[in-house]
Amino acid sequence: MFYYIFSDLNEHSILDNLKSRYGRGLIYTYTGSILVAVNPYKMFNIYGLDMVKRYEGKPLGELPPHLFAIGSVSYTKMIKDNENQVLIISGESGAGKTESTKLVMQYLAAVNRSGNNLITEQILEANPLLESFGNAKTIRNDNSSRFGKYIEVFFKNGAIVGAKTAEYLLEKSRIVTQAPEERNYHVFYEMLEELSDEQKAKYGLQTAPKYFYLNQGGSALIRGRDDADNYRKLTAAMDILNFERQEQETIVKILASVLHIGNVYFKVVQENNHDRAELGSDAEIKWVAHLLDLSEDWLKQALTSKVTEARGDRFYTPYNLDQALDARDAVAKALYCRMFSWLVERINMIICRAEREKSTSLAVLDIFGFEDFHFNSFEQLCINYANETLQFFFNQHIFRLEQKEYSKEKIRWEHIEFKDNQPTIDLVATKPAGILHILDDESNFPQATDNSFLEKCHFHHSGNELYDKPRMSDPEFYVVHYAGKIKYNVQHFLEKNKDTLRSDVIELMCESKNQILSQMFKDHRDRLITKTLSKTTGRYVTVKPRTTTVAASFNESLLSLIDTMSRCNPFFVRCIKPNAQKAPMTFEDIVVLDQLRYTGMLETIRIRKMGYPVRIKFPHFIERYRCLMKGEPIRSNQVPWDVCKVILQSQGPEFKDEYQIGATKVFMKEAFESRLDTAAGAIKRAAAVRLQTMVRTFLVRNRHQKLRSAVTRLQRMVRMWKTRRDFRTVRNGIVLAQAQFRMFSQRRRYLKTRENLKHRLEEHRLHRRKQEVQAKMEKERRGNMAMGCVTSSECNAAMI
Ligand SMILES: Nc1ncnc2c1ncn2[C@@H]1O[C@H](COP(=O)(O)OP(=O)(O)OP(=O)(O)O)[C@@H](O)[C@H]1O
Ligand SMILES: [Mg+2]
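Looking at an unreviewed UniProt entry, the protein chain carries the name Myosin motor domain-containing protein, with the source organism given as Elysia crispata.

Enquirer: It is not clear to me how the domain arrangement of the protein chain should be interpreted in this structure. Could you clarify?
Expert: It is common to give the size of an interface as the accessible area that goes away when the parts come together. The assigned domain composition of the protein chain is domain 1 (614-668) and domain 2 (672-799). For domain 1 versus domain 2, the separation of C-alpha centres amounts to 89 Å. Taken together, the contact pairs 10 residues of domain 1 with 8 residues of domain 2. Across the side of domain 1 that touches domain 2, the residue classes break down as 7 nonpolar, 1 polar and 2 charged.

Enquirer: Is there a simple way to explain the packing of helix 5 (residues 117-134) against helix 14 (residues 321-351) in this structure?
Expert: Two measures define how a pair of helices packs: the angle their axes make with one another and the distance between the axes. It is at 10 Å that the axes of helix 5 and helix 14 come closest, and there the two elements cross at 175°. Comparing the axis directions of helix 5 and helix 14 gives the class roughly antiparallel. Between helix 5 and helix 14, the residues in contact are Ile119, Gln122, Ile123, Ala126, Leu129, Phe133 and Gly134 and Phe340, Leu343, Ile347, Ile350 and Ile351, respectively. Each residue belonging to the contact of helix 5 with helix 14 can be placed in one class, and the counts come to 10 nonpolar, 2 polar and no charged.

Enquirer: Sorry if this is basic, but what is going on with the sheet that holds strand 14 (residues 476-481) here?
Expert: Within a sheet, adjacent strands bond to each other through the backbone by hydrogen bonds, running parallel or antiparallel. Pairing is antiparallel across the open sheet formed by 3 strands, whose spatial order is 13-14-15. Because the sheet does not close on itself, it has two edges, and the strands there are strand 13 (467-468) and strand 15 (484-489). For strand 13 and strand 14, the ladder comprises 2 bridges, and the chain directions are antiparallel. What sits directly across from tyrosine 467, in strand 14, is valine 479.

Enquirer: Is there a simple way to explain the site of ligand 1 in this structure?
Expert: Close to ligand 1 lie 19 residues; Gly96, Thr98, Glu99, Ser144 and Ser145 are nearest. Counting only elements with at least two residues in the shell around ligand 1, the list comes to helix 4 (97-111) and strand 5 (144-145).

Enquirer: I tried to follow the sheet that holds strand 17 (residues 614-617) on my own but got confused; where do I start?
Expert: Taken in spatial order, the 3 strands line up as 17-19-18 in an open sheet, and their pairing is antiparallel. The two strands at the open ends of the sheet, each matched to only one other strand, are strand 17 and strand 18 (659-661). Each strand of the sheet is rotated relative to its neighbour by a mean of 15°, with strand direction disregarded. Bridge analysis of strand 18 against strand 19 (residues 665-668) gives 3 bridges, and the strand direction is antiparallel. For glutamine 660, the partnering residue across the bridge sits in strand 19 and is phenylalanine 667. Of the strands in this sheet, strand 17 and strand 19 are in contact with helix 25 (residues 618-625), which crosses strand 17 at around 95°. Across the sheet, helix 26 (residues 640-649) is in contact with strand 18 and strand 19; its angle to strand 18 comes to roughly 165°.

Basis of the calculations
Residues numbered from 1 in each chain as written. Chains lettered and ligands numbered in written order. Predicted model: local features only at pLDDT ≥ 70, side-chain atom pairs only at ≥ 80, totals over all residues. Domains from an automatic or database assignment. Contact = placed C-beta atoms within 7 Å. Nonpolar A, V, L, I, M, F, W, Y, C, P; charged D, E, K, R; others polar. Axes fitted to C-alpha atoms, helices over the stretch in contact; angles between N-to-C directions. Helix = DSSP H or I, 4+ residues; strand = E, 2+ residues; numbered from the N terminus. Parallel < 35°, antiparallel > 145°, perpendicular 65-115°, else oblique. Pairing = 2+ DSSP bridges. Near = placed C-beta within 6 Å.

What follows is the structure in structure tokens.
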């Protein structure tokens, strides 16, 4: 696939590939399952929820390379195989490890199936808190992590139930000294920016340039960083993480005290021909004693004299100026370091409450990369040793274990040559003559010096080809690391290796009336006692237990880390810094090529290409890819080996070199696994689509039938209503017509009757009139007859 850099294996083709992709804004590239991330120094819009959804559950290689793809694969694998996972993010300072860690955490928070948002939020909020206290501006990175961290996120049934952070090797020297252009830990500047004048007055605080521990780098501000806002975020994070008011108050008091301690200065006083340091002013001491609730006199004593105990008596030897300055710095470092470890413990207490049995974890390791400065000291030796060990882990995982496995599984393989860095690890750390062991011995030997340590190193290792002496008599030695030959200067090695938490300082802090502070140191003291006692052999301690040294405790935590990681399935993310100026989208060939060599990437690509990095047990393989048999049943005489063969052969004879079948597992190249995943995915998708189709058909048909019967019912009702309405109209019409007709016939009858009546009345009237006339005539005739004067002719005429 085009985003794998496997095809052409020389430095320049790999570099060109990375460069051309970077030029097109593609910052991620795969080499096998290892993700190479080239820092763009510019935020791309590729980390939104849409991307989370896009990558969720997808096999590696199906979509373009992305950090979320690694997150998705590890999360899916954790759930599917019920196996702990670890993402090892490495690279030099400023390469993008911490940003990648944050993005992975955000991805996990988005995809996990937890209903409890609080725990997820608390886990995410631990990050700005640790960044404020553990990150600082360096010339390489404005937000450089000055400690290594290993965050384990615990899941139950795919839901986040807690997390645990382990911290490694916080840079102590930064608390008291900073190189030009660099800063102390962010939290100091953030606090001074945000606190109001009244609050500052309460803690006796001023502005950053007024403090020796903050002004040495001459760079109190970082462009584009809002310190005050970050302080608000920090306090909000503390609230979310349930830090009580008193705890928050104690933290501010400790920070303020560290700043006050830094401003303590001394005068030199001559006493019995010896220089003795005396405190220049009481003001800072008073503030520290007040803020930390300590005895002022004890504090003064701790800064100006050394305490030795003999047969129950205490003797105080005054310090000279250098010793007093060292003692002052030691108190500041002790306070800050202890507070930092306490913070981590406190956060863990909150976010790691859930019982962890039966939970699986996905861990992320964000640890300092390989360092090679002009002046390399004890810290660089520890850091480079850590990287050497991680590289060993990487080699072991990728090459050695696999080769062992090939033999065990009777796989045909050609012996693969690779650079085994075990001898370098032996040179640095194995007993009894490893450099760090010599250093530990010397640290416990009162007369030892940096030079005597160097002499012993030369004595034990001059014959070792991985070790070299300088040509001149400089206090230096060389170690050939997997990433190159590094020169270390032994100045202050012994002092740096001795634990800076002096016992009298611990006692002083334990006596504080501030419960939180005193408990912080009591816990530490108790742990030291159990640690040293547990190292003695029996009940009786005949020799004074050795005090733990920095190298010894670092080695111990490193080995425990490796042990934890070796029980997980690892994924590797290699971050690359494209230029030294932190410039966006600028790719400098030399800078990148150096890192490709450092990280052993070229070697990795070569070996991975030759081997079979994917191994899956038969039952799991069959379960995962059975669908590739396209419905063909597994016969009773077919053993798992045969079934796997049928599945593998389904991809065609041209892929026969891409896999081998071992005694219990199938071995494949990564590209072939991707191919199988894609093919199986397509079949499963098609089956799922078919299933979906059936279910949808069923649902749609059901719905359709319901709808249809409802529609028919509706139609029936409507038709009934219409018919009834029409019927009523017709009936009304008929009734009306009948009424009309009846009215009409009644009327006609009535008119006729009336006419008849009229007619009869007329007749009747005429008749009456006739009768009246007749009556009248009769009357007149009778009158005439009566009077006798009437002639009969006249009577006849009157009758007519
Ligand atoms: N994926 C990314 N997208 C955009 N910018 C990034 C990305 N990764 C890193 N950066 C930029 O690079 C800077 C340095 O990254 P980061 O702090 O993660 O480096 P680091 O490897 O942790 O260094 P250190 O070892 O010093 O802690 C970040 O502040 C950010 O500006
Ligand atoms: Mg970092």
